[in-house]
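Reading the structure
In case you want the letters, here they are:
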Amino acid sequence: MKNFVQEGCVVTLTAPYDRLSGQGALVGALFGVAVGDVLSGAEQEFALDGVFKLDKSTGAGTAVAQGAKAYWDNSAKKVTGVASGNTHIGYGIVASVDGDTSAVIKLLF
């Protein structure tokens, strides 16, 4: 096809805030995981598909059950099980409890 640009599993985006390799970011309505370290306003490749172990908020209601929807708390820059005010980014692959500091998530694609 003459109009094909690239595969879409990893794309170059402008980071909305500083990220280390493996940390998530919400770029507009698009969620991805930084492939390398990046400063706010700089371009970096972000993975939009796959299963990742991501930082998770702790506290009541933050658990993400296996197969349950996972959300991104853009204020805390962490995954949460809390839907209200947060962005749906994928599904839990390994069940996490409220006190866990990470969650294994299959990203939406």
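Counting starts from 1 at the beginning of each chain's written sequence and moves along it residue by residue. Local features in this predicted model are restricted to residues whose pLDDT is 70 or higher, and side-chain atom pairs enter the listing and the counts only when it is 80 or higher, whereas totals over whole chains, interfaces and linings include all residues. Values shown for side chains rest on all heavy atoms present in the structure; no hydrogens or waters enter the calculation.

**So, the packing of aromatic side chains**
For this analysis, a ring pair means two rings from Phe, Tyr or Trp (six-membered ring only for Trp) whose centres lie within 6.5 Å, classed as stacked if their planes differ by under 30 degrees, edge-to-face if by over 60, and tilted for the remaining angles. For the structure shown, the criterion picks out 1 aromatic pair. The interplanar angle of 55° and the centroid separation of 4.8 Å between the aromatic rings of Phe 31 and Trp 72 together place this pair among those described as tilted. Taken together, the residues span a long stretch of sequence, with Phe 31 in strand S3 (residues 30-34) and Trp 72 in strand S6 (residues 69-73) at a distance of 41 residues. In terms of burial, Phe 31 and Trp 72 fall into one category: buried. When the ring centre of Tyr 17 is taken as origin, the NZ or CZ atom of Lys 77, which lies over that ring, is 4.3 Å away. To qualify as a helix, a DSSP run of H or I must reach at least 4 residues; to qualify as a strand, a run of E must reach at least 2; elements of each kind are numbered from the N terminus. Buried means the residue's accessible area, taken with a 1.4 Å probe over protein chains only, is under 20% of the maximum for its type, while exposed means over 50%, and partly exposed covers the values in between. Any Lys NZ or Arg CZ found within 6 Å of a ring centre and within 35 degrees of that ring's normal is scored as a charge over the ring.

**Section: the pairing of S6**
One ladder, built from 4 bridges, connects S6 with strand S8 (residues 87-94); its direction is antiparallel. Each bridged residue has a counterpart across the sheet, and for Lys 69 the counterpart in S8 is Tyr 91. Pairing between strands is defined by DSSP: at least two bridges between the two strands are required. Pairing analysis gives 3 bridges linking S6 to strand S7 (residues 78-80), with the strands arranged antiparallel. Among the inter-strand pairings, Tyr 71 is bridged to a residue of S7, identified as Thr 80. Connecting the antiparallel pair S6 and S7 is a turn made up of 4 residues, with Lys 77 showing a positive phi of about 60°.

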